[in-house]
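Spelled out from the first residue to the last, the chains are:
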Amino acid sequence: MDTNESKYDRKTELKAFDDTKAGVKGLVDAGVCKIPQIFISPPDSTKNSNSSTEQFIFPVIDLQGIIDGDQIKRKEVVEKARDASETWGFFQVVNHGIPNDVLEEMIRGVRGFHEQDTEIKKQWYTREFTKKVVYNSNFDLYSAPATNWRDTFFCIMAPNPPSPEELPPICRDIIIKYSQEVKKLGSSLFELLAEALGLNRNHLTDMDCDKGLSVVCHYYPACPEPELTLGASKHADDGFITLLLQDNIGGLQVLHQNHWVDVPPTPGALVVNIADLLQGICIMKIELKNGNSGHTG
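Peer 1: Give a detailed account of the packing of aromatic side chains, specifying residues and quantitative values.
Peer 2: In the structure shown here, the tally under the stated rule is nine aromatic pairs. With a centroid separation of 6.0 Å and 65 degrees between ring planes, the pair formed by F113 and W124 is classed as edge-to-face. With a gap of 11 residues between them, F113 in helix α5 (residues 100-114) and W124 in the loop between α6 (118-121) and β3 (133-136) connect regions that are remote in the sequence. With a relative accessible area of 1%, F113 lands in the buried category. We classify W124 as buried; its relative accessible area is 10%. Pairwise contacts between aromatic rings join F113, W124, Y125, Y135 and F153 into one cluster.

Peer 1: Tell me about a negative patch on the surface, and please be specific about residues and values.
Peer 2: Taken together, the side chains of D101, E104, E105 and D173 make up a negatively charged region of the molecular surface. Broken down by element, the negative patch gets its largest block of residues, three residues, from α5. Structurally, E105 can be placed in helix α5. Under the relative-accessibility criterion, E105 is labelled partly exposed at 37%.

Peer 1: So what about the layout of surface pockets? Which residues, and what values?
Peer 2: Of the volumes computed, that of the second largest pocket is approximately 280 Å³. E104, I107, Q246, P267 and G268 are, among the 15 residues lining the second largest pocket, the residues nearest its centre. Residues of the lining of the second largest pocket, tallied by class, amount to six nonpolar, five polar and four charged.

Peer 1: How would you sum up the pattern of salt bridges? Please name residues and give values.
Peer 2: Once the charged atoms of two side chains with opposite charge are near each other, the side chains can pair. A complete count under the given rule lists 13 salt bridges for this structure. One salt bridge connects K177 with E181, and the closest N-O pair in it is separated by 3.2 Å. One end of the pair is K177 and the other is E181, both in helix α7 (residues 172-196) and four residues apart, which spans about a single turn. For K177, a relative accessible area of 37% gives the class partly exposed. We classify E181 as buried; its relative accessible area is 8%. If you follow the salt bridges from partner to partner, you end up with R74, E191, E195 and R201 in one network.

Peer 1: Please provide a residue-by-residue account of the pairing of strand β2 (residues 90-94), values included.
Peer 2: Counting buried positions along β2 yields five of five residues, so the element is predominantly enclosed. Neither face of β2 is exposed, since F90, Q92 and V94 on one face and F91 and V93 on the opposite face are all buried. In the sheet, strand β1 (residues 60-62) pairs with β2 via three bridges, with the strands oriented parallel. Within the sheet, the bridge partner assigned to V60 lies in β2 and is Q92. Here β2 runs beside strand β9 (residues 270-274); their pairing, made up of four bridges, is antiparallel. Bridge pairing in β9 places Q92 opposite V271.

Peer 1: Lay out the sheet that holds β9 with the relevant residues and their values.
Peer 2: Spatially, β1-β2-β9-β6 is the arrangement adopted by the four strands of the open sheet, whose pairing is mixed. The open sheet has two edge strands with one neighbour each: β1 and β6 (241-244). Within the sheet, the average angular offset between the axes of one strand and its neighbour, ignoring direction, is 30 degrees. Along the sheet, α7 contacts β2, β6 and β9; its crossing angle with β6, the most-contacted strand, is approximately 130 degrees.

About the thresholds
Residues numbered from 1 in each chain as written. Predicted model: local features only at pLDDT ≥ 70, side-chain atom pairs only at ≥ 80, totals over all residues. Heavy atoms only, no water. Phe/Tyr/Trp six-rings, centres within 6.5 Å; stacked < 30°, edge-to-face > 60°. Helix = DSSP H or I, 4+ residues; strand = E, 2+ residues; numbered from the N terminus. Buried < 20%, exposed > 50% of the residue type's maximum accessible area, 1.4 Å probe, protein only. Patch = residues over 30% accessible without salt bridge, like charges linked within 9 Å, V, L, I, M, F, W, Y side chains within 5 Å. Areas by Shrake-Rupley, 256 points an atom, 1.4 Å probe, with all protein chains shown as cover. Salt bridge = Lys/Arg side-chain N within 4 Å of Asp/Glu carboxyl O. Lys, Arg positive; Asp, Glu negative; His and termini not counted. Charge placed at Lys NZ, Arg CZ, Asp CG, Glu CD. 1 Å grid on protein atoms, 1.4 Å probe; cavity = no way out; pocket = protein on both sides within 12 Å on 5 of 7 lines; lining within 4 Å. Points joined across faces, edges and corners; volume = space filled by probe spheres on them. Nonpolar A, V, L, I, M, F, W, Y, C, P; charged D, E, K, R; others polar. Pairing = 2+ DSSP bridges. Axes fitted to C-alpha atoms, helices over the stretch in contact; angles between N-to-C directions. Contact = heavy atoms within 4.5 Å.

Take a look at the structure:
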């Protein structure tokens, strides 16, 4: 057995990393040339050899006109949303009504929070997820098989948002503004998705699917050994839908027909992810349509 491996105590290293309250950004600021062992992913999880951007075209849906009541356009959008949701579980939306300057300012705000002085950020560092405002590195730090090269700032903005004073000053105004815009877009998307399911337009909003809103702001510092780790491991999102704002760097992939497909960063676009709870509603709808009661025996 390798001497270094025999001396490796993952739990101790995790706690030492957590206790710094500086996250991955703190390691980069300290000038690390090799990533700590807690970040090294199993070899098969770091290689997406099936990645392809040529064989598949990631679906993009233009929402221009539907807000103005264009029923012909709306029918087309509903059909595209149905197809993308069934075949991919993901799609991008453009011309969605959120101004580009709001999107750009949100990205700057997230970067500004993570790149500010560590001593300032530490006041929000916690693993108490009952709090409305949380900053840390890896929510599953002590349970995941490998730590992701990522820091995260998280806040619950609906139905009971924090007071403005609880939010970090460096990104306070834009988080509030962005949350308002995303909530409006989310309600519109729930209406479109309800129609795509063959339901009444207000069915999902009447179920309060649009009442909650969490803003999760990831930051991926430059990594000295990117081939050994991941910014985000393979996962599925909980909740109903995720609206994801990419920067222009790229790196996001989705699994489609057993291929990891790159999601191209598109200026002004948001990625829509049909998350677990909405998938459950879709499955239930299909079962009811097929006349299955869901009972056995």
